[in-house]
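This is what each chain is made of:
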Amino acid sequence: MSRVLSGFLRVFPIRRLLHPLVILFVLVLTIFVGYRTLETGYLVISDERILEAVSMIKRSAVETTEKPPQTDKPNIIFILADDYGWNDIGYHSSLIRTPNLDRLAQDGVKLENYYIQPICSPSRAQLMTGRYQIRYGMQHSVLMSDRPHGLPLDEVTLPQVLKESGYSTHIVGKWHLGHFKKEYLPTRRGFDTFFGFLGGGEDYFTHRIPNEVVETPETYRAFDFWDGTSPCLTENGTYSTHLFARKSIELIDRHDKTKPMFLYLPFQAVHAPLEAPQEFIDKYKHIRARNLQVYAGLTTAMDEAVGNITRALKDNGMWENTVLIFSTDNGASRAGSNWPLRGFKNTLWEGGVRGVGFVNSPLLKEKERTSDALLHISDWFPTIVRLAGGSTFGVKPLDGYDVWDTISEGTPSPRKEILHNIDPLIVSTNSEASKVFGHKTFNTAVTAAIRVGEWKLLTGNPGNGDWQLQSFDKKIREKSTGVRGKQLWLYNIRDDPQERRELSAEYPEVVKRLLGRLAAYNETAVPVYWPNIDPRSNPALHGDLVGPWM
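Going by an unreviewed UniProt entry, the chain carries the name Arylsulfatase B-like isoform X2 and comes from Branchiostoma belcheri. Regarding the chain, the relevant UniProt record gives this comment under Sequence similarities (unreviewed entry): "Belongs to the sulfatase family." What UniProt records for the chain under Cofactor (unreviewed entry) is the sentence "Ca(2+)".

Written out as structure tokens, the structure is:
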């Protein structure tokens, strides 16, 4: 008898004895009870009967664990890599190993005609609002930690809409949409929880911002890592990719399975500074260039984190009702490679604005395929709201489209054009501007770009237009030609995604038509909001912390 009771306690420790299944145990025992002879008057339960009852209850407990009650709304996991290049993922023939990302993409839908913005904050703003940056004054640069600006408070965000549909909402990683006032913090913009950093970049281990992310480096260097609205000082020295994976898994493990989850995971990786644990760098000893070794290790660490998070979703019985979306926020900087696309981060060439992206979900109707449909990061807002069974009623007019049927079933994309940007603060000084055909329709000295159908038009100063390929021992750079003295370019992107054959002289009517579209967008644009540096932002005045100062 003691052997049986000991076995029972191993299955059900003391801390579980108050579980409702104990009641079931008692009922089962009653059924299997055997009595001694009436002379003794003792109640006797055979070892075999007890073991059979324990086995039955244990099976019931396992079944309950494996099949938790599920919401009918899908969990949405949105993973955003930072500065991740077109040629830096395995399935684009990269020398960097990304087995988890490759497997997810292969089993899902690869988005090969997918566009983002050329820099961090505008991409994140369009994801959160479904609206172009010209709608709220973020046409110029990124949000800076020493300037009082952010995503305007009258813009409705994706997590705010999802909460109306019953979602728990979490952000783990990089915010970069404003923090000069508390009202701009993620937990004031629709997220239930926040674990990460507020600014544009920082050290991966110390979580202090490097000098290059602000314009006052001589005074601005501080700690930027938060758990909600409190500084998270206990994680100094822990690699951020590991921190974000650990926190994401914790949220998944603790999630109430009767509610749908929205987990927004904007990794710090693979943004500068180039830092990775040595164990990941050592995987690339065959690469001779040190910076590329580190960049590759940094990327593989992110890939491993994605694999661990995916495994947690499966272990918790959530995967069958989950939509996982992976995207970069812009093209690679010169540390990575956008080959064979032209240009880099912070340029309007394809290398800056065409992004790595894919979707994986058991809910996809047509899987294991590649989509060439025209998509944009602003499309995620209405698409995710539709998946959540929500409504965009009360939201400002959207520039994004619901593209779920395009992704899931392969139907044609409703999107026909993309405004890449119009930045009136970056103006070309080329004196030939007034001689450009159609200049009176739209000022071609202004830096802008638009995609309409297969055509793409760029004006002003689109940025560095070189092509760069990473090899095992060096970077192979192909310098762009035909840029100096020009401020208008036309390409057929469908036929020429590498932007090598400029066609404006051959198709003047197309130039005129696309300049007309730029002019139409420009008429609806609000003025750029680019405030002066505020000396009150100096973290030395606020406990050496990056955070609200007004």
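There's plenty left to go through after this.
Caption draft 1: Structural detail: the overall build of the chain. In terms of regular secondary structure, the chain is built from 13 helices and 20 strands. Considering the chain as a whole, with its 550 residues, one finds that 57% of them fall into the buried category. For the chain, restricting intrachain contacts to residue pairs at least 6 apart in sequence, the fraction spanning at least 24 positions comes to 74%. Within the structure as shown, the chain displays about 23300 Å² of accessible surface, and the carbon and sulfur contribution to it stands at 53%.

Caption draft 2: Representation of the confidence of the model for the chain. Here the chain averages 88 in pLDDT, and 84% of its residues register 70 or above. In this model residues 1–65 is a low-confidence stretch, pLDDT under 50, and it forms 44 contacts with partners more than four residues away in sequence or in other chains.

Caption draft 3: Region of interest: helix α11 (residues 380–387). The buried fraction of α11 is high, at seven of eight residues. Among the residues trailing α11, G389 stands out with phi positive, at a value near 70 degrees.

Caption draft 4: The packing of aromatic side chains, seen in detail. Under the counting rule described, the total for this entry stands at 19 aromatic pairs. Plain terms: the ring middles of F326 and F358 are 5.1 Å apart, the flat faces sit at 15 degrees to each other, and that makes the pair stacked. Of this pair, F326 sits in strand β11 (residues 322–328) while F358 sits in strand β12 (residues 357–360); the two residues are 32 residues apart in sequence, bridging distant segments of the chain. With a centroid separation of 4.9 Å and an interplanar angle of 55 degrees, the aromatic rings of W455 and Y507 are classed as tilted. With W455 in strand β17 (residues 455–459) and Y507 in the loop between β20 (488–492) and α13 (508–524), this residue pair connects regions lying 52 residues apart in the sequence. For W455, a relative accessible area of 9% translates into the label buried. Through a chain of ring-to-ring contacts, the aromatic side chains of F78, Y114, W175, F191, F262, Y264 and W380 assemble into a single cluster. Looking at R97, its charged tip hangs above the ring of Y284, at a distance of 4.7 Å from the centre. The positively charged end of R342 is found above the aromatic ring belonging to W349, 3.9 Å away from the centroid.

Caption draft 5: A look at the environment of P362. Relative to the assigned elements, P362 resides in the loop between β12 and β13 (369–371). Given a relative accessible area of 23%, P362 falls into the partly exposed group. When the C-alpha positions of P362 and N321 are compared, they lie 7.0 Å apart, and in sequence the two are 41 residues distant. Ignoring any residue separated from it by four or fewer positions in sequence, one finds P362 in contact with W319, E320, T322 and K367.

Caption draft 6: Broad picture of the sheet that holds β13. A sheet is described by the order of its strands in space; here ten strands give the open sequence β9-β8-β7-β6-β10-β3-β11-β12-β4-β13, paired in mixed fashion. Each end of this open sheet is capped by a strand with a single partner; those strands are β9 (230–231) and β13. The sheet contact formed by strand β4 (residues 109–111) and β13 spans three bridges and is parallel. Looking at β13, one finds that K110 is bridged to T370. Each of β4, β11 and β12 touches helix α4 (residues 99–107); the most contacted strand, β12, lies at about 65 degrees to it. Each of β3 (75–81), β4, β11 and β12 touches α11; the most contacted strand, β3, lies at about 160 degrees to it.

Caption draft 7: View of the nonpolar core. Judged by nonpolar contacts, the single largest core of 56 residues is most densely connected at Y84, F267, M302 and F326. Per-element tally for this core: the top contributor is helix α9 (residues 290–315), with twelve residues. Among all residues touching F267, those that are not within four sequence positions of it are I79, L80, D82, T241, F244, M302, A305, V306 and I309.

Caption draft 8: Geometry of the side chain of S371. On the secondary structure map, S371 appears in strand β13. For S371, a relative accessible area of 5% gives the class buried. Of note is the side chain of S371, whose polar atom sits 3.2 Å from the backbone nitrogen of A373. Setting aside anything within four residues of it in sequence, one finds S371 in contact with V109, K110, L111, E112 and N113.

Caption draft 9: Region of the structure containing α13. Helix length check: α13 (17 residues) gives 25 Å between terminal C-alpha atoms against 24 Å at 1.5 Å per residue, within 8%. Listed in full, the buried residues belonging to α13 are V510, V511, L514, L515, L518, A519 and Y521. Check the buried side of α13 and you find it contacts β15 (417–427), β16 (446–452), β17 and β20.

Caption draft 10: Structural context of the pairing of β16. When you tally the buried positions in β16, you get seven out of seven residues, the bulk of the element. Here β16 shows no split at all, with V446, A448, I450 and V452 on one side and T447, A449 and R451 on the other all buried. Pairing of β15 with β16 involves seven bridges; the strand directions are antiparallel. In the strand pairing of β16, E417 is matched with V452.

Analysis parameters
- Residues numbered from 1 in each chain as written.
- Predicted model: local features only at pLDDT ≥ 70, side-chain atom pairs only at ≥ 80, totals over all residues.
- Heavy atoms only, no water.
- UniProt positions renumbered as here; feature names shortened; annotations may be inferred.
- Helix = DSSP H or I, 4+ residues; strand = E, 2+ residues; numbered from the N terminus.
- Buried < 20%, exposed > 50% of the residue type's maximum accessible area, 1.4 Å probe, protein only.
- Contact = heavy atoms within 4.5 Å.
- Areas by Shrake-Rupley, 256 points an atom, 1.4 Å probe, with all protein chains shown as cover.
- pLDDT = per-residue confidence, 0-100.
- Phe/Tyr/Trp six-rings, centres within 6.5 Å; stacked < 30°, edge-to-face > 60°.
- Lys NZ or Arg CZ within 6 Å of the ring centre and 35° of its normal.
- Pairing = 2+ DSSP bridges.
- Axes fitted to C-alpha atoms, helices over the stretch in contact; angles between N-to-C directions.
- Core = buried A, V, L, I, M, F, W, Y, C linked by side-chain atoms within 4.5 Å.
- Polar contact = N/O pair within 3.5 Å; in protein donor to acceptor, adjacent residues only side chain to side chain.
- Expected span 1.5 Å × (residues − 1).

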